[in-house]
Structure formats: C-alpha cells, structure tokens
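# A look at the structure
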Amino acid sequence: AIVGLFVLDWRLGLVALVILPPTLVLTRWFQVKSHAAFLRVRETISAMTAQIAESVSGMAVIQAFNRERAFLTEFDRSNWANRQTNTHAQWLNSLFFPGIEFLGAVAMVSVLWVGGHLIGQGSLTIGTLVSSVFMLNLVFQPLQELSDLYGQVQSAGAAMEKISTVLDTEP
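Below or above, wherever it landed, is the structure these notes cover. This one's a predicted model, so the numbers in the text were calculated from it and none came from an experiment.

### Quick word on the overall build of the chain
Assigned secondary structure in the chain consists of 6 helices and 0 strands. Listing each helix as α and each strand as β along the chain from the N terminus yields α-α-α-α-α-α. Scaling as 2.2 N^0.38, a compact globule of 171 residues should have a C-alpha radius of gyration of about 16 Å, whereas the chain reaches 25 Å, well beyond that. Considered along the principal axes of its C-alpha atoms, the chain spans approximately 90 × 35 × 20 Å. A burial count over the chain gives 30% of its 171 residues as buried.

Rendered as structure tokens:
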C-alpha cells in the first residue's frame, strides 16, 4: 500500500510518511514501558497467588495462632499492589492505541490538505487524491488494529518471561 501511495503521487506519499518517525517513537516507548509494567503485573499476581496458597494450606496454623487479621492485612496489601500495577499497565494501553489512531488521523488530514493545495494548483487530480486516501487507509487500518493487539502481546510476553524464569530455576 505504501508503494502504491508513492506510485499514485510521490508528494502525497512523502506527506503520509511524515508521521512514521513519531509512530516508531511511540511504539518503542510503549514497548519499553509496557514490558516493565506487565512484568510487574505478573510479579504482583504471583505474590497474591503465593499468599493465598499459603493462607489456604496453613489455615489451621493461622487460626491456632490467631493470625487471621495479619494475613488479611497482608492480602489487602498484595491486592492493592496488584490493582495499582494493573491500572498502570492499562493506562499505558489507553495511551498507545489512541496515539496510533491520532497519528493516522494526522496523516489523513495532511494528505487531504496537501492534496487540496495540489488540486488547486492543477498538478493533481481528484481521482488521484481519492485513491491516495484509500491507499492511506490500507496502510493505517491494519496498523491501528495491530496496535490494539500489541498490548496483549506484551502481556503474554511478560507472562512467558515469568514462566521461563521459574522453569530455568535449578531445583
């Protein structure tokens, strides 16, 4: 689609690619930040799971020593930490997807604006502009859909890293 956009009109192709650097910067920022955030989510989930497993398996001991309140307080702390890390990870997702949408809209408006000026000068036809808009849509629609799934990929990657760490631990 990008090659087709340049074949239609190289000037509109260049205008559309102006947003490529900010898109790459935004994607790299999200990759770094979300990877760390999703690793932290996995750590808090594992801490909660371990705390629950210890509480359930040692319930008789906990009750015998009257430690219910202490374990409840510990669980509340783990639960709060889990909520905070999940909120932060979702906040990162809520910035990335609309950011990609915004950059796609900027590219579309830029192509339409420059195309309008070129039509006014007589160096571009309306058909070429319309075709360029369709080509640009072919470029950005999959990118926008992939940006939505990228957060899920980052989460799965963090889970896989956590599992790999556990499996690599010497007995």
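Structure's up, so let's keep going.
### A short note on the layout of surface pockets
Here the largest pocket is characterised by a volume of approximately 250 Å³. Residue lining of the largest pocket: 18 residues in total, with Leu20, Thr23, Leu24, Phe140 and Leu143 positioned closest to the centre. Sorting the residues of the lining of the largest pocket by element identifies α1 (2-8), α2 (10-17), α3 (20-57), α5 (68-121) and α6 (126-168) as the ones contributing at least two each. Here the element with the most residues in the lining of the largest pocket is α6; it accounts for 7 residues. The class makeup of the residues in the lining of the largest pocket is 15 nonpolar, 3 polar and no charged.

### Remarks on the pattern of salt bridges
A complete count under the given rule lists 2 salt bridges for this structure. Arg11 is the salt-bridge partner of Asp9, the closest N and O atoms lying 2.8 Å from each other. Its relative accessible area of 23% is what places Arg11 among the partly exposed residues. The shortest N-O distance in the salt bridge between Glu43 and Arg40 comes to 3.3 Å. One end of the pair is Glu43 and the other is Arg40, both in helix α3 and 3 residues apart, which spans about a single turn.

### A word on a nonpolar patch on the surface
Residues Trp29, Trp91 and Leu95 make up a contiguous nonpolar surface patch of roughly 280 Å² in combined accessible area. Mapping Leu95 onto the fold places it in helix α5.

### Some thoughts on the nonpolar core
Among the nonpolar cores identified, the biggest contains 24 residues, and Leu12, Val111 and Leu136 are the most heavily contacted of them. Looking at this core, the elements with two or more residues in it are α2, α3, α5 and α6. Element by element, the count of residues in this core is highest for α5, at 8 residues. Each residue touching Leu12, except ones within four places of it in the same chain, is listed here: Leu5, Val111, Val114, Gly115, Leu118, Leu124, Leu129 and Ser132.

### Remarks on the environment of Met160
Along the chain, Met160 turns up in helix α6. Residues Met160 and Arg42, spaced 118 residues apart in sequence, show a C-alpha to C-alpha distance of 9.8 Å.

### Re the packing of aromatic side chains
Throughout the structure, instances matching the rule amount to 1 aromatic pair. Summarising the aromatic geometry, the rings of Phe30 and Phe96 are spaced 4.3 Å apart at their centres and angled 10° between planes, so their arrangement reads as stacked. In this pair, Phe30 is assigned in helix α3 and Phe96 in helix α5, connecting sequence segments 66 residues apart. Take Phe30: its relative accessible area is 0%, and that puts it in the buried class.

### Here's the deal with the side chain of Ser34
Within the secondary structure, Ser34 sits in helix α3. Excluding residues within four positions of it along the chain, Ser34 makes contact with Leu92 and Gln154.

### Examining the side chain of Asp9
Relative to the assigned elements, Asp9 resides in the loop between α1 and α2. In this structure the side chain of Asp9 is engaged in a polar contact, spanning 2.8 Å, whose partner is the side chain of Arg11. With near-sequence residues (within four places) excluded, Asp9 lies in contact with Leu118, Leu124 and Thr128.

The rules we used
- Residues numbered from 1 in each chain as written.
- Predicted model: local features only at pLDDT ≥ 70, side-chain atom pairs only at ≥ 80, totals over all residues.
- Heavy atoms only, no water.
- Helix = DSSP H or I, 4+ residues; strand = E, 2+ residues; numbered from the N terminus.
- Rg over C-alpha atoms; globule rule 2.2 N^0.38 Å.
- Buried < 20%, exposed > 50% of the residue type's maximum accessible area, 1.4 Å probe, protein only.
- 1 Å grid on protein atoms, 1.4 Å probe; cavity = no way out; pocket = protein on both sides within 12 Å on 5 of 7 lines; lining within 4 Å.
- Points joined across faces, edges and corners; volume = space filled by probe spheres on them.
- Nonpolar A, V, L, I, M, F, W, Y, C, P; charged D, E, K, R; others polar.
- Salt bridge = Lys/Arg side-chain N within 4 Å of Asp/Glu carboxyl O.
- Patch = residues over 30% accessible without salt bridge, like charges linked within 9 Å, V, L, I, M, F, W, Y side chains within 5 Å.
- Areas by Shrake-Rupley, 256 points an atom, 1.4 Å probe, with all protein chains shown as cover.
- Core = buried A, V, L, I, M, F, W, Y, C linked by side-chain atoms within 4.5 Å.
- Contact = heavy atoms within 4.5 Å.
- Phe/Tyr/Trp six-rings, centres within 6.5 Å; stacked < 30°, edge-to-face > 60°.
- Polar contact = N/O pair within 3.5 Å; in protein donor to acceptor, adjacent residues only side chain to side chain.

So far we have only geometry, and geometry alone does not tell us how the molecule works.
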